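# Structural characterization, general
The residues making up each chain are set out below.
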Amino acid sequence: MPKVTATSKLYNHNERLTVSHQISSSSGSTSTGRRHATYTTTSINVPNAPDPDNAMDVNVPYFDHSEPRTEVRQEVIAELPSVTVNAKQWAKRYENSDVPLNTWKEFHDEYLDECMILEGRGKFFKQCAGCNKAFPQYQCKDCIHGPLWCKDCIVLRHDQSPLHQIEMWNSLFFQKTSLHELGLRVQLGHTVGRRCSTAERGHVDFAVIDSNGIHKVNVNFCRCHGLPHRHQLLRIGWWPATPLQPQTCTTMEVLKHFHLLNLQGKVPGYSFFRALEFQTDNTGLSASGTNTGSSNDTDISQLHAMVKRAGHAFDPGGISATAPGSLAIPCRACPIPNINLPPGWENVPPAQAWLYMLIVGMDTNFRMMSRLRSSIFKDPSLAPGWAYFVDNGPYAEFIKEYVDMEEIRTCVGFQALLNMLTKKSRGLRATGMGAVSCARHQLFRALRMGDLQKGERQCNMDYIFASSWFTNFWSREKLLPPHLLLAFPNVQAKVPKFHLSSHVESCHAPYSLGYTLGVGRTDGEGVERNWDGLNGQGPSTKEMGPGNQWDTLDDCCGHANWRKIVGLGNLLLKRMLLALPEALRLRKDFVVFDECLRDEDNSQVVQWEAEVAAWVEDKSLPDPYRVPPSDVTLAQSVAHDVSPGAFLSLGMDIQGQQESMRREVKGLSRQTVLQTASLVERRTTLLKRIQCFRDIQ
Ligand SMILES: [Zn+2]
Ligand SMILES: [Zn+2]
Ligand SMILES: [Zn+2]
Ligand SMILES: [Zn+2]
């Protein structure tokens, strides 16, 4: 083998052709009723700039990115006549959208002037916009800005909007006042404009929290019909903080507003209501005296919204008749009998059974711990086992019998690290939680979540996994050792792709998703990605009492599922557009490869196929995918003469590993300790192999 200098281009992946696929999302039906889709692909030869931190990049000249060179490639896919391939057009660049601040800078003064106009009496200062009375003094911050009103007109106009913020001109500036101070009274229980003859005045400090602040409001309760105050308030959309003698209300809109902020931005209830206080009075000098600790209201109102959406509002049994798990949003892309499966699906031949296979992933998360706060008695769950969390009653009952059970011991190499994470259990009610989600679409599954009292124990995970599929089975066979219960003929256990490499080699083929029929490109890591959305809630939920925590997390899972389910249609279409041409291409490659092998030695191929088929049926047979251990080490092979084939194969192997690591590092926005550790380890191995490779050169 001739020696090559260190600047060898053999494993310089920066000079490869980068193919980027862009999908234009036009799809629909042609006049013949056939679905069609447009598939656009572009090939761009843009070498990346050298990465100074990457020891694998060797002497790559700097490439200027300012003028991307493009070579438009047109692809024709003969097998898919309905797929047309277009060249990608580069969008025009505009400074206004590229550097918007540059454009805006020119209008700086103009904007400031306009803002200042709003601070003064502006153009409409002479007459009341309602009755033309001279020198109007009042304006509303929540109606359209500009017009000024006299006192009578502004009160009259806000009969139906009593929560607007009013300001009064004091001859120097606009000063805060309120409709409460101007004498507006809100009449409950009657139609607009009617007064109740037997009205009862509400509390003098009656307050309503809205998204624009906290308002004191004069209310008149109606006494004609003997309707309790809470009913009268709920009927105008004000959520009473307490069912008995309410003095504080929250509008349903602000509850919804907070709910979304909390789910999307993880804003804690305290911060949100504190911000509303500042919005009411940013100096904090006027004591509002309003109790704004209303995040419980949000929980309760959200629960009602979930019940409403799940169609249980008219359940004759009332809210307590809600069936287990029925508030969870199911995955519409996973098989559900009688909903998205064709009739007779259960009788398809075994070779097609994969079409109706459900793939779920199970994982634990030790960031979602919970401290010993409150108790189940003081803080019960309002929706026990109605959505994603298992009902704590039967769950705790079951776990009690296995208090002494040890944590799951597997062959996983990072068990030591895991133990470190789970060891601290002092002061904790739960050290983490376990969950099951569908592996392909990453939706949390109903009744598949539970607290872990002590690390990752078999009893917890079995319950969480099996509780509702095999409910009857459980109640009957509860005392069987848990590992026997999962031995169902139609359940196959696999290890997610990222995790598999850290298991011992004998686990690889039997637990590989790659060698499982019908799973496609499922990597099984979906449940892991799901944690990212929940972890943000961890700091606040871990301080909650048990019931509150479960209900809050139920709610978060509902939000996550909903966001995914509304995007599922587009996502699956995109994936299909990517998958179809790829599948055809790969199939073609495979056929060529297979034919070559058969030409060379047909009997060997037939024998391999038989071995694999037998092994699939009976995993105790020798593993056909396992490479027999070699008694020649790399060091020895260097000393001896290396065959050109082995040398090339090592080079390609290194290149493949570099590529996969590079992609992985780019794909990880936030690395866990485990991922970092595994990467460092693999990087070291890779560098060693590169060194070997160079020595052979
Ligand atoms: Zn007026
Ligand atoms: Zn207004
Ligand atoms: Zn009345
Ligand atoms: Zn699914």
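About the cut-offs
- Residues numbered from 1 in each chain as written.
- Chains lettered and ligands numbered in written order.
- Predicted model: local features only at pLDDT ≥ 70, side-chain atom pairs only at ≥ 80, totals over all residues.
- Heavy atoms only, no water.
- Donors = N, O, S within 2.8 Å, 3.2 Å for Na, K, Ca; no water.
- Tetrahedral: all angles 85-135°; square planar, octahedral: opposite > 155°, others 65-115°.
- Helix = DSSP H or I, 4+ residues; strand = E, 2+ residues; numbered from the N terminus.
- Buried < 20%, exposed > 50% of the residue type's maximum accessible area, 1.4 Å probe, protein only.
- Axes fitted to C-alpha atoms, helices over the stretch in contact; angles between N-to-C directions.
- Parallel < 35°, antiparallel > 145°, perpendicular 65-115°, else oblique.
- Left-handed = near helix turned anticlockwise from the far one by under 90°.
- Contact = heavy atoms within 4.5 Å.
- Nonpolar A, V, L, I, M, F, W, Y, C, P; charged D, E, K, R; others polar.
- Polar contact = N/O pair within 3.5 Å; in protein donor to acceptor, adjacent residues only side chain to side chain.
- Phe/Tyr/Trp six-rings, centres within 6.5 Å; stacked < 30°, edge-to-face > 60°.
- Lys NZ or Arg CZ within 6 Å of the ring centre and 35° of its normal.
- Pairing = 2+ DSSP bridges.
- Salt bridge = Lys/Arg side-chain N within 4 Å of Asp/Glu carboxyl O.

- Looking up the chain in an unreviewed UniProt entry gives the name CxC2-like cysteine cluster KDZ transposase-associated domain-containing protein, with the organism given as Piloderma croceum.

### Comments concerning the coordination of the zinc ion (ligand 4)
- For the zinc ion (ligand 4), the protein coordination sphere consists of Cys331 (SG), Cys334 (SG), Cys438 (SG) and His441 (ND1), at 2.1 to 2.3 Å.
- The coordination sphere of the zinc ion (ligand 4) comprises four donor atoms, whose angles at the metal cover 101 to 116°; the geometry is tetrahedral.
- Motif for the zinc ion (ligand 4), donor spacing along one chain: C-x2-C-x103-C-x2-H. A residue pair is termed long-range when its members are at least 10 positions apart, and cysteine 331 in the loop between helix H8 (295-309) and strand E15 (360-365) and histidine 441 in the loop between strand E18 (432-438) and strand E19 (444-452) qualify at 110 residues. Like cysteine 331, the residue histidine 441 is buried in the burial classification.

### Details of the packing of helix H6 (residues 252-265) against helix H7 (residues 269-280)
- It is the contact of H6 with H7, at a shortest axis distance of 10 Å, that shows an interaxial angle of 130°. Here H6 is positioned oblique relative to H7, judged by the angle of their axes. Viewed along their axes, H6 and H7 form a crossing whose handedness is right-handed. Listed contacts from H7 to Val254, His257, Phe258 and Leu261 of H6 are Gly269, Phe272 and Leu276.
- Class assignment of the residues belonging to the contact of H6 with H7 gives a composition of five nonpolar, two polar and no charged.

### Side note on the environment of cysteine 249
- Looking at the element boundaries, cysteine 249 is found in strand E14 (residues 248-251).
- Distance from cysteine 249 to isoleucine 214, taken between C-alpha atoms, is 9.7 Å for residues 35 residues apart in sequence.

### Here's the deal with the side chain of threonine 522
- Assignment of secondary structure puts threonine 522 in the loop between helix H15 (505-508) and helix H16 (526-535).
- Classification of threonine 522 by relative accessible area gives buried; the value is 8%.
- Among the polar contacts listed, one links the side chain of threonine 522 to the backbone oxygen of valine 519, at a separation of 2.6 Å.
- Every residue in contact with threonine 522, bar those within four places of it in the chain, is listed here: Ile359, Ala439, Arg440, Lys497 and Leu513.

### Describing the packing of aromatic side chains
- Per the counting criterion, the structure on display carries 10 aromatic pairs.
- Taken together, Phe258, Phe272 and Phe273 form an aromatic cluster joined through their ring pairs.
- The cationic tip of arginine 121 hangs over the ring face of phenylalanine 135; the distance from NZ or CZ to the ring centre is 4.2 Å.
- Seen from the ring of tryptophan 615, lysine 619 lies directly overhead, with NZ or CZ sitting 5.0 Å from the centre.

### A few points about the pairing of strand E12 (residues 218-221)
- Neither face of E12 is open: one carries Asn218 and Asn220, the other Val219 and Phe221, and all of them are buried.
- Relative to E12, strand E8 (residues 185-187) runs parallel, the two being bridged by three bridges. Each residue of the ladder has a partner; that of arginine 185, found in E12, is asparagine 218.
- Where strand E9 (residues 200-201) meets E12, two bridges bridge the pair, whose relative direction is antiparallel. The residue bridging arginine 201 from the neighbouring strand is asparagine 220, located in E12.

### Considerations on the sheet that holds E8
- Read from one edge to the other, the open sheet built from three strands follows the order E8-E12-E9, with strand pairing classed as mixed. The open sheet has two edge strands, E8 and E9, and neither has a second partner.

### Quick word on the pattern of salt bridges
- Taken as a whole and assessed by the stated rule, the structure comprises 13 salt bridges.
- With a closest N to O distance of 3.9 Å, glutamate 167 and lysine 141 form a salt bridge. Taken together, the residues span a long stretch of sequence, with glutamate 167 in strand E6 (residues 166-169) and lysine 141 in the loop between strand E5 (138-140) and helix H4 (151-157) at a distance of 26 residues.
- On the basis of relative accessibility, which here comes to 12%, the residue glutamate 167 falls in the buried class.
- Notably, a salt bridge pairs arginine 373 with glutamate 543, separated by 2.7 Å at the nearest N-O pair. Remark: glutamate 543 occurs in the loop between helix H17 (538-541) and helix H18 (546-617) and arginine 373 occurs in the loop between strand E16 (370-371) and helix H9 (392-400); sequence separation between them is 170 residues.
- Taken together, the shared-partner salt bridges connect Arg371, Arg373 and Glu543 into one network.

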